[in-house]
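# Inside the fold
For reference, the chains in residue letters:
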Amino acid sequence: MALQNIAVLGATGNIGTELLREVAEKDAPGLDKHKNPTNLIATASRDGILVDPRGLSIQNDPALIARLQARDIELASQGKPRTALRDYLREQKGYQEGATLGDLFDVIRNQGLIEDVVFIDVTAGDLTGFHQTVMENGGRIVTANKVPVAQSSWEVFKLLTEFRTKYGYSCSVMAGAGAVPFLRDGFDMSDTVESIEGCFSGTLGKMCNLLYEGKVTFSEAVKQLKLAGDTEPDPRDDLSGMDVAKKIVILARTSGYEVNLEDVEVEPFVAGGFRELSDIGVEEFMAKSKIFDDEIAAKFEAAKKEGKTLRYVASLKIENGKPVVKLGLREEKLDSPLGSLKGNGNKVVIYTSAYNKVPFELAAPGSGTSITAGNIRRNLLEQLENRKM
Ligand SMILES: NC(=O)c1ccc[n+]([C@@H]2O[C@H](COP(=O)([O-])OP(=O)(O)OC[C@H]3O[C@@H](n4cnc5c(N)ncnc54)[C@H](OP(=O)(O)O)[C@@H]3O)[C@@H](O)[C@H]2O)c1
């Protein structure tokens with residue numbers, strides 16, 4: 001039985017906890033289900049690390065993880081910090097309070113295990129340096145965290161992604177639905193990308209659908225989505241477009257185009273005066289967001305008169321041989337691939353030299369803890385060598 005060891009960075013977060021639960025329920029060694037079970041040997045959060053190269057005992061008790069997860073979801077819904085899983089891990093023998101990811105790397109290297117562990121990054125931090133160290137030492141990574149793939153330099157992106165079976169990053173876009181693997185295969189096959197267009201923000205998609213219905217103003221829609229937990233804690237993080245910008249940079253780079261975040265022409269969801277409101281508190285921004293109501297209502301009215309709606313679209317086009325990457329609100333016909341999106345759905349439409357008449361299209365949820373954790377486990381399968389069926 002060959003075990004696939006994993007170390008989960010960000011184990012106490014939303015995705016991390018769901019991943020731990022799914023691994024314990026479906027993949028752990030004690031289940032005797034897989035020929036290559038997943039063996040959880042370490043967890044890390046900002047507080048500290050827990051490592052046991054034989055496997056952490058928590059992976060043998062999915063019901064316990066489910067209880068801790070339910071408690072954390074309850075705490076978060078009350079606006080309190082998620083402490084249930086964190087406190088449990090802290091009480092375990094061998095927990096190293098205050099230890100960093102660098103310490104975790106050293107422990108695993110000293111055990112001679114660097115090439116036999118997949119580090120799973122489900123943080124949202126700038127872990128670029130850590131990813132580099134792992135890859136330079138012959139290690140493996142699966143990441144849902146966009147930062148190291150979108151915000152690093154082009155050279156670092158190439159270094160990280162050099163060995164496709166050692167670095168899985170498909171979960172950084174569309175929660176792992178398959179846009180990255182399609183483009184990665186295409187690049188390897190010299191199937192040149194001619195254009196990419198897509199809606200990559202479930203939050204902004206939902207916002208467009210609410211505003212099209214016309215029952216609420218922009219400021220009311222922001223408030224409604226924030227209350228439902230559909231926005232980032234600071235909705236400006238969604239409205240600025242920067243999260244979408246990172247996703248289109250990842251897709252452009254995967255297609256072989258040298259594109260950096262600074263190259264993207266970003267038009268925020270709301271135009272006039274948005275950037276001037278970046279220094280105020282969230283509550284003050286929520287109160288001031290009324291100033292955008294008329295501008296947004298007028299845009300949706302104008303689109304409706306043409307039988308269209310609005311979508312926040314990211315696009316890559318090749319102009320004079322160079323990639324041009326843009327984001328902004330755009331009118332779309334109601335029956336078009338992007339105009340017809342429902343709820344918080346994401347979609348990407350890709351033309352390549354092979355897919356030049358009918359594009360490759362992919363629609364999928366762009367977020368969701370279970371979808372994302374499942375696709376991280378899918379990435380783990382790709383990294384198994386000598387897989388037994
Ligand atoms: N939610 C989705 O549906 C979805 C879909 C696709 C991709 N993603 C991506 O997945 C990642 C995780 O999302 P999430 O919703 O689970 O976030 P989250 O709930 O905020 O969890 C983040 C976790 O990362 C830990 N962390 C942050 N910086 C760290 C560091 N430097 N070292 C060690 N641990 C660190 C945090 O620990 P502390 O609690 O100690 O700070 C926390 O446990 C994000 O990058 C997100 O963009 C999410």
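Residues numbered from 1 in each chain as written. Predicted model: local features only at pLDDT ≥ 70, side-chain atom pairs only at ≥ 80, totals over all residues.

### Structural notes on the sheet that holds strand β7 (residues 167-168)
Taken in spatial order, the 7 strands line up as β4-β3-β2-β1-β5-β6-β7 in an open sheet, and their pairing is mixed. One side of each edge strand has no neighbouring strand; the edge strands of this open sheet are β4 (96-97) and β7. Across 5 bridges, strand β1 (residues 4-9) lies against strand β5 (residues 117-121) in parallel orientation. Paired with N5 across the bridge in β5 is V117. Where helix α1 (residues 14-27) meets the sheet, its contacts fall on β1, β2 (38-44) and β5, and the angle it forms with β2 comes to roughly 160°. (Pairing = 2+ DSSP bridges. Helix = DSSP H or I, 4+ residues; strand = E, 2+ residues; numbered from the N terminus. Contact = placed C-beta atoms within 7 Å. Axes fitted to C-alpha atoms, helices over the stretch in contact; angles between N-to-C directions.)

### Notes on the packing of α1 against helix α15 (residues 369-382)
Packed helices, taken two at a time, are described by the angle between their axes plus the distance between the axes. For the pair α1 and α15, interaxial distance at closest approach is 9 Å and the crossing angle is 60°. Viewed along their axes, α1 and α15 adopt a mutual orientation that is oblique. Seen along the crossing, α1 lies across α15 with a hand that is right-handed. The residues of α15 that touch α1, namely those facing N14, I15, E18, L19, E22 and D27, are T369, S370, T372, A373, G374, I376 and R377. (Parallel < 35°, antiparallel > 145°, perpendicular 65-115°, else oblique. Left-handed = near helix turned anticlockwise from the far one by under 90°.)

### Some thoughts on the sheet that holds strand β9 (residues 265-266)
The strands that make up a sheet are held in pairs by hydrogen bonds between backbone atoms, and each pair lies either parallel or antiparallel. On the basis of which strands lie adjacent, the open sheet formed by 6 strands has the order β9-β11-β10-β8-β12-β13 and mixed pairing. Only two strands of the sheet have a single neighbouring strand rather than two, namely β9 and β13 (360-365). The pairing of strand β10 (residues 308-319) with strand β11 (residues 322-333) spans 12 bridges and is classified as antiparallel. Bridge pairing in β11 places V313 opposite G328. The strands touched by helix α8 (residues 179-188) within the sheet are β8 (193-199), β12 (345-352) and β13, with β12 carrying the most contacts at an inclination of about 10°.

### Points about the domain arrangement of the protein chain
Interface extent is often summarised as the accessible area lost during association of the parts. As assigned here, the protein chain comprises domain 1 (4-177 + 370-382) and domain 2 (193-365). Once you take the C-alpha centre of each, domain 1 and domain 2 turn out to be 30 Å apart. Contacts between domain 1 and domain 2 engage 12 residues on the former and 15 residues on the latter. Those elements that place two or more of their residues in the side of domain 1 that touches domain 2 are α6 (147-150) and α7 (154-160). Its residues assigned to classes, the side of domain 1 that touches domain 2 comprises 9 nonpolar, 2 polar and 1 charged. (Domains from an automatic or database assignment. Nonpolar A, V, L, I, M, F, W, Y, C, P; charged D, E, K, R; others polar.)

### Concerning the pairing of β11
Successive residues of a regular strand alternate their side chains across the two faces of the sheet. Summarising the sheet, β9 and β11 pair through 2 bridges and their orientation is parallel. What sits directly across from E265, in β11, is K326. With antiparallel pairing between neighbouring strands as the criterion, β10 and β11 make up a hairpin whose turn holds 2 residues, including N320 at a positive phi of roughly 50°.

### A short note on α8
Within the span of α8, buried status applies to A179, V180, F182, L183 and G186. Angularly, the buried residues of α8 cover 160° about the axis, an arc narrow enough to put them on a single face. The exposed set on the far side of α8, more than 90 degrees from its buried face, consists of D185 and D188. Looking at the buried positions of α8, the neighbouring elements they touch are β8, α12 (242-254), β12 and β13. Positive phi appears at S190, one or two residues downstream of α8, with a value of about 60°. (Buried ≥ 20, exposed ≤ 12 C-beta atoms within 10 Å, placed from the backbone. Arc of directions from axis to C-beta.)

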